[in-house]
Amino acid sequence: MPAAATSYEPSQSLESKRMLYNLLKTPEKYEKIFEQYSGGLIFRVGYGRPIITGDESQLRRILEVNHNLERIASPGAYLVDTIPILNYLPEALAPFKREGRRLHAQELGLFRELLDDTRAAMKAGTAPPSFAQTFISEQEKSQLSDDEGAYAVGTLFEAGSGTTAAAMMSFCLAMTLHPEWQKPMWEELDRVCGDRMPEFADIPELPTVRAVIKEVLRWRPVTAGGVPHQLIQDDVYDGVFLRAGTIVHANQWAIHREEALYPDPERFNPNRWLSPDYPTYREPLTKFPSLQNFSSFGFGRRICPGMNIAERSLYILTARIAWACEFSKSRGPGGEEIEVPSYDYISGFNTQPKPFPFELRPRSEQRRTLVKHAWKEAEATDPLRVHNI
Ligand code: HEM
């Protein structure tokens, strides 16, 4: 894996300790907690700033930009997606154009503000290393305009925060519906880590953890409809002629349900990555399953450039949650289990489950205490806070 991605591990480790501490304290706020993890990580690496409460106004504003993007980028969200000629209407007759202009101004205004904050911190000599700082110091060399740089850093948020958070929400759903997969993860984690929290160095020894999160991405792909690509030349696919300019959707939902590759595809079954009985099994288990070149991250030249960061986030979050916690269904007033729908998702570009109830407890009081100590120690030594950033 590229060395650059390894350099984000300290930030991922710190933010995942905060996530775990908060999740055990207030599991019902899981959506906000996962958004704070993924948004906080990108704030840290993108702008060299910490997110402490998750209520910071710039984080909330960026999440709003994200949610708007997820809604409007969804294929078919506007009539013009289906009838492209509508794009020639003047703005006065095309409300979708006015909305596009308004949302673009909102987005660009925020991205500019974040870049300007970094510039001001650099002038004051208080800016830690970040993507924004690198862009500003090397702007002349790169010959990018301010707005291009603002977008290059800002779009990391759009692409990286909602996706990672959505995957973790689907993980919680999978553990609520299939709690039997916790036991093999517990056995693996207890054997490899015992009573210390899992670290990145343990990941090669945790194939079950990797298989569970990979199966989550297969079973409930985050960008289910795929990101549309436009052909730059004529092509033939599976005997079908496709003209240059055609928009092609690599439909992940369908790809992940290809019976020959994924027998019994509707079933949540991490074994398909762990047992030689399945066509997707690969050895050695210290390396596979992995998320490298997995269809969840797209294809070809435009494959997700954040894949290595995402992969590390998903592994460490899954490992630490499984090591510390136990999921079960919530119970109603009469003690009966509350059923949770397997596929009741928010529609949009990124898919995430609609809010659902579940119980989350520490696996033992000792693990709860270990989580608290790990987080308090990480918080006290956080390089951004130590320097009052
Ligand atoms: C579970 C997490 C993630 C998933 C499932 C995911 C998935 C994807 C997919 C499917 C694409 C489109 C690829 C294509 O066009 O074929 C994409 C693009 C992209 N992703 Fe990710 N992603 C994730 C996390 C991240 C993270 C953490 C970052 C940044 C730190 C990131 C940055 C980007 C960027 C910048 C693009 C646009 C690339 C381009 O159009 O050239 N992603 N991602």
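Conventions used here
- Numbering of residues starts from 1 in every chain and runs along the sequence as written.
- Reporting in this predicted model follows two pLDDT cut-offs: at least 70 for local features of residues, and 80 or more for side-chain atom pairs to be given and counted; totals over whole chains, interfaces and linings ignore these cut-offs and use all residues.
- Only heavy atoms go into the side-chain values, all of them from the structure, while hydrogens and water stay out.
- UniProt positions are given in the numbering used here, feature names are shortened, and annotations may be inferred rather than shown by experiment.
- The cutoff for a nearby residue is simple: one of its non-hydrogen atoms must lie within 4 Å of the molecule or strand.
- By the criterion applied in these results, polar contacts are pairs of N or O atoms within 3.5 Å in which, for protein atoms, one can donate a hydrogen and the other can accept it, and in which residues neighboring in sequence qualify only through two side-chain atoms.
- The way it works is that DSSP assigns letters per residue, a run of H or I at least four long becomes a helix, a run of E at least two long becomes a strand, and they are numbered from the N terminus.
- Under the scheme applied here, ten amino acids are nonpolar (Ala, Val, Leu, Ile, Met, Phe, Trp, Tyr, Cys and Pro), four are charged (Asp, Glu, Lys and Arg), and all others, including Gly, are polar.
- Only protein chains enter the area calculation, which uses a 1.4 Å probe; residues under 20% of their type maximum are buried, those over 50% are exposed, and those in between are partly exposed.
- Salt bridges are defined by distance alone: a side-chain nitrogen of Lys or Arg within 4 Å of a carboxyl oxygen of Asp or Glu.
- A pair of aromatic rings is counted whenever rings of Phe, Tyr or Trp (Trp by its six-membered ring) have centres within 6.5 Å, and the orientation is called stacked for planes under 30 degrees apart, edge-to-face for over 60 and tilted otherwise.
- Look at NZ for Lys and CZ for Arg. If either is within 6 Å of the ring centre and within 35 degrees of the ring normal, a charge sits over the ring.
- Put simply, buried Ala, Val, Leu, Ile, Met, Phe, Trp, Tyr and Cys residues joined by side-chain atoms within 4.5 Å make one nonpolar core.
- Residue contacts follow a heavy-atom distance rule, with two residues in contact if any of their heavy atoms lie within 4.5 Å.
- Expected span, for any helix, means 1.5 Å times one less than how many residues it has.
- Within this analysis, the arc is defined by the directions that extend from the helix axis to the C-beta atoms.

If you look the protein up in an unreviewed UniProt entry, it shows as Related to cytochrome p450 from Cephalotrichum gorgonifer. Among the UniProt annotations of the protein, the heading Cofactor (unreviewed entry) holds the following wording: "heme".

### Overview of the site of the ligand
Of all residues adjacent to the ligand, which total 20 residues, the nearest are Ala-159, His-229, Phe-299, Arg-302 and Cys-304. Measuring from an oxygen atom of the ligand, one finds a side-chain N or O atom of His-229 at 2.7 Å. A distance of 3.2 Å separates an oxygen atom of the ligand from a polar backbone atom of Phe-299. Listing elements by their share of the shell around the ligand, those giving two or more residues are α9 (146-177) and α13 (307-324). Here the element with the most residues in the shell around the ligand is α9; it accounts for five residues. Residue composition of the shell around the ligand, by class: 10 nonpolar, nine polar and one charged.

### A look at the UniProt feature "binding site: heme" (unreviewed entry) in the protein
Under the UniProt annotation, "binding site: heme" (unreviewed entry) lies at Cys-304. Mapped onto the secondary structure, Cys-304 falls in the loop between α12 (252-255) and α13. Assessed through its relative accessible area of 28%, Cys-304 is described here as partly exposed.

### Considering the pattern of salt bridges
Charged atoms that come close allow side chains of opposite charge to pair. In the structure shown here, the tally under the stated rule is 32 salt bridges. In this structure, the salt-bridge partner of Arg-119 is Asp-116, at a minimum N-O distance of 3.6 Å. With a gap of three residues between them, Arg-119 and Asp-116 both fall in helix α6 (residues 95-123), about one helical turn apart. A salt bridge links Arg-368 to Glu-365; the shortest N-O distance between them is 3.2 Å. Residue Arg-368 and its partner Glu-365 are located together in helix α14 (residues 365-380), separated by three residues, close to a single helical turn. The class of Arg-368 is partly exposed, set by a relative accessible area of 34%. Among the charged side chains, a network of salt bridges with common partners joins Glu-15, Arg-18, Arg-44 and Asp-382.

### Thoughts on the packing of aromatic side chains
Summed over the entire model, instances satisfying the criterion amount to 15 aromatic pairs. Seen in terms of ring centroids, Trp-253 and Tyr-343 are 5.0 Å apart; in terms of plane orientation they differ by 50 degrees. Their pairing is tilted. Placement of the pair is Trp-253 in helix α12 and Tyr-343 in the loop between β5 (325-328) and β6 (345-346), with a sequence separation of 90 residues. Taking the relative accessible area as the measure of exposure, Trp-253 reaches 25% and is therefore partly exposed. The positively charged end of Lys-214 is found above the aromatic ring belonging to Phe-294, 4.6 Å away from the centroid. Directly above the aromatic system of Trp-219 lies the positively charged group of Arg-220, at a separation of 4.0 Å from the ring centroid.

### Quick look at the nonpolar core
Residues Met-19, Phe-34, Phe-171, Met-175, Leu-189 and Ile-321 are the most contacted members of the largest nonpolar core, which totals 65 residues. At the level of secondary structure, the elements contributing two or more residues to this core comprise α2 (9-25), α3 (30-47), α9, α10 (182-193), α11 (207-219), α13, β5 and α14. Sort the elements by how many residues they give to this core and α9 lands first, with 11 residues. Apart from residues no more than four positions distant in its own chain, Ile-321 is found in contact with Met-19, Leu-20, Leu-23, Phe-34, Met-168, Phe-171 and Phe-327. Val-65, Phe-111, Leu-114 and Phe-135 belong to the second-largest nonpolar core, a separate cluster that totals 18 residues.

### Observations concerning α14
The end-to-end C-alpha separation of α14 is 23 Å, in line with the 22 Å expected for 16 residues at 1.5 Å each. Arg-367, Val-371, Ala-374, Trp-375 and Ala-378 are the residues of α14 that are buried. Along α14, the residues classed as buried sweep out an arc of 95 degrees about the axis, all on the same side. Exposed and oriented more than 90 degrees from the buried face of α14 are Glu-365, His-373, Glu-377 and Ala-380.

### What to know about unusual backbone geometry
Following Glu-283, the chain continues into Pro-284 via a peptide bond in cis, with omega recorded as -5 degrees. One can find Pro-284 in the loop between α12 and α13. With an omega of -5 degrees, the peptide bond between Phe-288 and Pro-289 qualifies as cis. Tracing the chain through its elements places Pro-289 in the loop between α12 and α13. In the Ramachandran plot, Gln-143 falls in the positive-phi region, its phi being about 55 degrees despite a non-glycine side chain. Judged by its relative accessible area of 70%, Gln-143 falls in the exposed class. For Asn-293, which is not a glycine, the phi torsion comes out positive at approximately 55 degrees. The topology assignment puts Asn-293 in the loop between α12 and α13.

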